[in-house]
Amino acid sequence: MSRIGRKPISIPEGVKVTLTDGKIKADGPKGIVEQKVPANIKITVDTAKKLVSLEATYNILQDKIQHGTIRSIINNMLRGVHSGYERKLEINGIGYKAQIEKNTIIFHLGFSHPIRVSVPQGITVTIPNPNLVVIQGADRELVGRFSASIKALKSCEPYNLKGIKYSDEIIKKKAGKTFVSGTT
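Residues numbered from 1 in each chain as written. Predicted model: local features only at pLDDT ≥ 70, side-chain atom pairs only at ≥ 80, totals over all residues. Heavy atoms only, no water.

Visitor: Describe the pairing of strand β4 (residues 31-36), and please don't skip the residues or the numbers.
Guide: By the bridge criterion, six bridges tie strand β3 (residues 23-28) to β4 in an arrangement that is antiparallel. Along β4, the bridge assignment pairs A26 with V33. The turn joining β3 and β4, which pair antiparallel and follow one another in sequence, is formed by two residues. (Pairing = 2+ DSSP bridges. Helix = DSSP H or I, 4+ residues; strand = E, 2+ residues; numbered from the N terminus.)

Listed below in structure tokens is the structure:
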């Protein structure tokens, strides 16, 4: 039996939770997030106590796995619509920068052409300076997936530390290869 799955989730102030047709929907100040729930998991919402609890049938091993996972996903949904999620990306390198036009981010990353990335719905992107991209949203998975796709455009390499990295990521700089003369 899942220990995490049995733990009830408290509903933050200002968040409304509804269940319809195998889906759970959270509505809060930062947005609306919806998630499909497997048929083997029963969700009960107690609005008086402001708690969401999950119950699973343990017919197969997959039921145990989904119990804790769905509980964590619902917890992330409630936290996301209440306070939101944020990822910061740093761009390092001479001439490397980002700028935003309408719903598109334009990256200059040392290639012969600029790279254009359209911002998905539910995500807010701000660029306080040309070398910092701030991604915000209510859906943790969407924020993480979008920031990872941006980072994959040009990952930070360990020799000159040029590229895109998360602001809290630590990359150890490697020493370059040195040439040693073969004469003695």
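Visitor: So what about the nonpolar core? Which residues, and what values?
Guide: Soluble globular proteins tend to pack their nonpolar side chains together in the buried interior. If you look at the biggest cluster of nonpolar residues, it comprises 21 residues, and the most contacted ones within it are F107, I135 and F146. The set of elements that each furnish at least two residues to this core consists of β7 (85-92), β9 (104-108), β10 (115-118), β11 (123-129), β12 (132-137), α3 (140-151) and β13 (163-166). For I135, the contacting residues outside a window of four places in its chain are Y85, E86, R87, L89, I123, T124, V125, V143, F146, S147 and I150. (Core = buried A, V, L, I, M, F, W, Y, C linked by side-chain atoms within 4.5 Å. Buried < 20%, exposed > 50% of the residue type's maximum accessible area, 1.4 Å probe, protein only. Contact = heavy atoms within 4.5 Å.)

Visitor: Describe the sheet that holds β10, with residues and values.
Guide: Within the open sheet, the three strands sit side by side as β8-β9-β10. Their pairing is antiparallel. Each of the sheet's edge strands pairs with one partner strand only, and the pair in question is β8 (97-101) and β10. The average undirected angle you get between the axes of adjacent strands in this sheet is 25 degrees. Here five bridges tie β8 to β9, and the two strands are oriented antiparallel to one another. Directly across from Q99, in β9, lies its bridge partner I106. (Axes fitted to C-alpha atoms, helices over the stretch in contact; angles between N-to-C directions.)

Visitor: Before we move on, could you go through the side chain of N40 and cite the residues and values that matter?
Guide: Tracing the backbone through its elements, the reader meets N40 in the loop between β4 and β5 (41-46). Not counting residues up to four positions away in its chain, the partners in contact with N40 are E55, A56, T57, D63 and Q66.

Visitor: Which residues make up the pattern of salt bridges, and what values go with them?
Guide: Evaluated as defined, the whole model comprises six salt bridges. As a salt-bridge pair, K50 and E13 come within 3.7 Å of each other at their nearest N and O atoms. Separated by 37 residues along the polypeptide, K50 in the loop between β5 and β6 (51-56) and E13 in the loop between β1 (9-10) and β2 (16-20) bring together distant segments of the chain. Accessibility expressed as a relative area gives 60% for E13, which makes it exposed. Where K165 meets E90, a salt bridge forms, and the shortest distance between an N and an O atom there is 3.4 Å. One end of the pair, K165, is in strand β13; the other, E90, is in strand β7, with 75 residues separating them in the sequence. Residue E90 is classed as partly exposed on the basis of its relative accessible area, which comes to 24%. (Salt bridge = Lys/Arg side-chain N within 4 Å of Asp/Glu carboxyl O.)

Visitor: Can you explain the packing of aromatic side chains? Please cite residues and give values.
Guide: Scanning the model with the defined rule gives zero aromatic pairs in all. The lysine or arginine in question, K154, covers the ring of F111, its NZ or CZ lying 4.9 Å from the ring centre. (Phe/Tyr/Trp six-rings, centres within 6.5 Å; stacked < 30°, edge-to-face > 60°. Lys NZ or Arg CZ within 6 Å of the ring centre and 35° of its normal.)

Visitor: Before we move on, could you go through the sheet that holds β11 and cite the residues and values that matter?
Guide: For sheets, the rule is that strands pair by backbone hydrogen bonds, running either parallel or antiparallel. The four strands lie next to each other as β11-β12-β7-β13, forming an open sheet whose pairing is antiparallel. Each having just a single partner strand, β11 and β13 make up the two edges of the open sheet. In this sheet, adjacent strand axes meet at a mean angle of 25 degrees when their direction is disregarded.

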